[in-house]
Amino acid sequence: MAPHHRHSKETVLSNKFSTFTSIGKYSYTNATINVTFKEVEMCRGSCLASSRCTQPCALPFRGEIGFLCRQKRWRKSTETCTSLSVEMLFKDLNSTARLSLAASSIPLPMLGLHTPQPTPESVALGIRRNCPLDFACIIDAVRLSEVTAGNIAFIVELLRNISAELSDNVTREKMKSLSMVANHILDTAAISNWTFVSNKGAGWDLLESVNLFAGQLRVHKEAEDFADEPFIQTKGFQIGHNTSQRRFHCTMSTNLSAGRLLGMVEFPRQELHRLPGVYQAITVAFPTLGAILNQAHTSNGSLSRPINGLVLSVILPEELKEILLTFEKINKTQDAKAHCVVWRSVNRTWDESVCETAREAWDRVTCRCGYTSVMTSFSILMSPRSLEDRVLDYITCVGLSVSILSLVLCLVVEAVVWPRVVGTEIAHVRHVCLVNMAVSLLAADVCFMVGSVFNRKARDHEWCVAVTFLSHFSYLSLFFWMLCKALLIVYGILVVFHRMLKSHLMAIGFAVGYGCPLIIATTTVAVTEPGNGYVRTGACWLAWDGSKALFAFAIPALVIVAVNLLAVLVVAVNTQRPSMGSSKSQDVAIVTRISKNVAVLTPLLGLTWGFGTATLIRDTSLTFHIIFALLNAFQGFFILLFGTILDHKIRDALRMRVSSLKGRPRAAENASCSPTSGPKLVHW
């Protein structure tokens, strides 16, 4: 039986990669080799505490070396010396193709290299033109390069570009080529030079890029070796409820320990029975990545102990709720007590709460790890990255549930009181805005929940695109109807004598409320989807990497929030002035009431969605994501509270409606008890 699979071009067969390892007390000696390029002279002049200086790299390298004064001596702190470029990757290939590759999407100026601004997607363009089947054309240039900190940074960005732009049809040959490129900078000879890479998150970027790329592999046999390099190994397996083999091994050499390091994934029998068919599992093992990551973890305080085993990434069916992972220890001394941890890619920390130590011996440790699917966090709406956090999941689930129920109640109330609250043109248009805000947000929240659950279950690319489009359109409609409501209030305050016809106001409202979102959403999918840049990997929402499609939502939303806040300020200033000469006292009363509602509602929305600016920043604190989700997941409740419940006219209309309903049985009873048999007229 063939393994279950999805047709998504950007999502994986099962669930997201989870990366596990063990940590413990140990020290190691790197078998490193210093790069052979000619060292430049250190800085001249006085060496004052914490002072810095830079020197250019020796030819033929480009870039510079940064020095920091510590203990009255200049010591190297950073280095961007590189000999690699995109042109160099393809220099021995077709000359016509080479002329179009001025640079790559790799941000070389960020590395301190004085080169022209890179052209987007030229790495992908060069590979597609020269070696689309196996990516082999980039291997020789990389493997012949010195393992300098600058070249390490270049190769990490190269891997990021490949995984973001060329992961639509990953084969064994492509995985092998990518592994050979990664292996070059994972070599023990390169570990010491990772210290001087300017981007301290480069090791994390490498891990996530390889995981993303490997997640697109298809397993066609019971067991497949996709890549078996000295410092990176990728294997695939077919598993199901009839699988006889429950243990799968990764065995790799490393100079950080004597002999070979063992890693093993084990599936409990009861977990395999959960699988209704045949699924695939993929593992990626890194024997030296722990040593590379240890320095960054020590500096940010996320781990109190260094990594003491393989770094093992696994991708499994979400039906599996528990797995066992066995790691051989690098340090096998008696005091090297191990702790099992899982990598949180969004927060870039190791989490000890997911796994527990099942068994531990002097030379190895077995970890029991939960492998549960989580709901897509609400903060993904304005965040470039998809977050996985239990608090965010809880807030999103509860908040959206409350929001949906509140919006349904809001629409029911509006339907009940509609004839009694739309007596004037402004009141009519105001309630039209409120109803369409509720309808848009209700549709958006439902699409978001469906997309969140659907992405974990079906993972069909075309359906994910459809859900993303509907979510994008619905959330934009919410904001544009909010804009209509804010502008209506300003219009009601500032324009007293020259009123527009209600039909004209309605036409403008629907054109702005639904026309503008439709244009933006349609243009976004038409421009980005042909290049597989519309939806992001692992969630049915707008992508960030490559196409930056997320801006098609974030920019209009934040601009409208800013306009709404300005509208509230205009209303606040003008409502303090007495209304002179206005003969429409009823409209003025309505506008005043609307102003009070918007004065509460719009700043609240402006504040909450304003936190989206913080979530747009890469590696922003989890606190901002929690605040954003906490405030905005309950947005439907805010609309019910400030737009409906606090409106005294709606409350009065409800009382009258309830009273009339109570009066019906009394009137019927009085009519039946009357001695007069003729018909009577009852006033409700």
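Relevant structure appears above.
What comes next concerns the included structure. The structure displayed is predicted, hence computed values, not measured ones.

**Structural notes on the overall build of the chain**
Here is step 1: Each helix and strand in the chain was counted, giving 19 helices and 15 strands.
Here is step 2: In the chain, the proportion of contacts linking residues at least 24 apart, taken out of those at least 6 apart, comes to 73%.
Here is step 3: Put simply, the chain shows about 30,000 Å² of open surface, and 60% of that area lies on carbon and sulfur atoms.

**Points about helix α17 (residues 622–632)**
Here is step 1: Among the residues of α17, His625, Phe628, Ala629 and Asn632 are the ones counted as buried. Down the axis of α17, the sector holding all buried residues measures 95 degrees, keeping them to one side.

**Observations concerning the packing of helix α3 (residues 122–130) against helix α5 (residues 149–165)**
Here is step 1: Following both chains from N to C, one finds α3 and α5 inclined at 70 degrees, their axes separated by 9 Å at the closest point. By the angle class used here, α3 and α5 are roughly perpendicular. Contacts from Val123, Ala124, Ile127 and Arg128 in α3 reach Leu158, Asn161, Ile162 and Glu165 in α5.
Here is step 2: For the contact of α3 with α5, a count of residues per class yields five nonpolar, one polar and two charged.

**Observations concerning unusual backbone geometry**
Here is step 1: Cis geometry marks the peptide bond from Leu59 to Pro60; its omega dihedral reads 10 degrees.
Here is step 2: Tracing the backbone through its elements, the reader meets Pro60 in the loop between β2 (52–56) and β3 (64–70).
Here is step 3: Even without glycine at this site, Lys72 takes up a positive phi of about 65 degrees.
Here is step 4: Note that Lys72 resides in the loop between β3 and β4 (73–79).
Here is step 5: For Lys72, a relative accessible area of 75% translates into the label exposed.

**Some words on the state of the cysteines**
Here is step 1: Counting across every chain of the model gives six disulfides.
Here is step 2: Between the sulfur atoms of Cys340 and its disulfide partner Cys367 the distance amounts to 1.9 Å. Since a negative S-S torsion denotes a left-handed disulfide, the Cys340-Cys367 link at about -80 degrees is left-handed. Placement of Cys340 in strand β12 (residues 339–344) and of Cys367 in strand β15 (residues 364–370) is noted, with a sequence separation of 27 residues between them. There is no split in this pair, since Cys340 and Cys367 are both buried.
Here is step 3: Between the sulfur atoms of Cys355 and its disulfide partner Cys369 the distance amounts to 2.1 Å. Across the S-S bond linking Cys355 and Cys369, the dihedral sits near 115 degrees, which makes this disulfide right-handed.

**Section: α3**
Here is step 1: Where α3 is concerned, the buried positions are Ser122, Val123, Ala124, Gly126 and Ile127.
Here is step 2: In this fold, the buried residues of α3 make contact with α1 (86–89) and α5.

**Description of the nonpolar core**
Here is step 1: The biggest cluster of nonpolar side chains holds 61 residues, and the ones touching the most others in it are Ile162, Leu206 and Phe286.
Here is step 2: A total of nine residues in this core trace back to one element, the largest contributor, which is α5.
Here is step 3: The residues contacting Leu206, other than those within four sequence positions of it, are Val156, Leu159, Ile185, Leu186, Trp194, Phe286 and Leu289.
Here is step 4: In terms of nonpolar packing, the next biggest core, distinct from the first, is built from 52 residues, Tyr475, Val535, Trp541 and Ala557 among them.

**Structural notes on the pattern of salt bridges**
Here is step 1: Here the structure, examined in full by the defined rule, presents 11 salt bridges.
Here is step 2: The partner of Arg368 in a salt bridge is Glu356, with the nearest N and O atoms 3.4 Å apart. Of this pair, Arg368 sits in strand β15 while Glu356 sits in strand β14 (residues 355–360); the two residues are 12 residues apart in sequence, bridging distant segments of the chain.
Here is step 3: A relative accessible area of 29% means that Arg368 is categorised as partly exposed.
Here is step 4: Note that Asp652 is salt-bridged to Arg655, the shortest N-O span being 2.7 Å. Of the two residues, Asp652 and Arg655 both sit in helix α19 (residues 648–673), three residues apart, roughly one turn of that helix.

**As for the sheet that holds β4**
Here is step 1: Spatial ordering of the open sheet is given by β2-β3-β4, a layout of three strands whose pairing is antiparallel. A single partner strand is all that each edge strand has here, and the edge strands are β2 and β4. In this sheet, adjacent strand axes meet at a mean angle of 35 degrees when their direction is disregarded.
Here is step 2: Here five bridges tie β2 to β3, and the two strands are oriented antiparallel to one another. Paired with Cys53 across the two strands is Phe67, which belongs to β3.

**Quick look at the packing of aromatic side chains**
Here is step 1: In the structure shown here, the tally under the stated rule is 15 aromatic pairs.
Here is step 2: Between the aromatic rings of Phe135 and Phe213, the centroid separation amounts to 6.1 Å while the plane-to-plane angle is 50 degrees, which identifies the pairing as tilted. With a gap of 78 residues between them, Phe135 in the loop between α3 and α4 (139–143) and Phe213 in helix α8 (residues 202–214) connect regions that are remote in the sequence.
Here is step 3: Judged by centre distance (6.3 Å) and plane angle (85 degrees), the rings of Tyr475 and Trp541 are edge-to-face.

Parameters and conventions
Residues numbered from 1 in each chain as written. Predicted model: local features only at pLDDT ≥ 70, side-chain atom pairs only at ≥ 80, totals over all residues. Heavy atoms only, no water. Helix = DSSP H or I, 4+ residues; strand = E, 2+ residues; numbered from the N terminus. Contact = heavy atoms within 4.5 Å. Areas by Shrake-Rupley, 256 points an atom, 1.4 Å probe, with all protein chains shown as cover. Buried < 20%, exposed > 50% of the residue type's maximum accessible area, 1.4 Å probe, protein only. Arc of directions from axis to C-beta. Axes fitted to C-alpha atoms, helices over the stretch in contact; angles between N-to-C directions. Parallel < 35°, antiparallel > 145°, perpendicular 65-115°, else oblique. Nonpolar A, V, L, I, M, F, W, Y, C, P; charged D, E, K, R; others polar. Disulfide = S-S within 2.5 Å. Core = buried A, V, L, I, M, F, W, Y, C linked by side-chain atoms within 4.5 Å. Salt bridge = Lys/Arg side-chain N within 4 Å of Asp/Glu carboxyl O. Pairing = 2+ DSSP bridges. Phe/Tyr/Trp six-rings, centres within 6.5 Å; stacked < 30°, edge-to-face > 60°.

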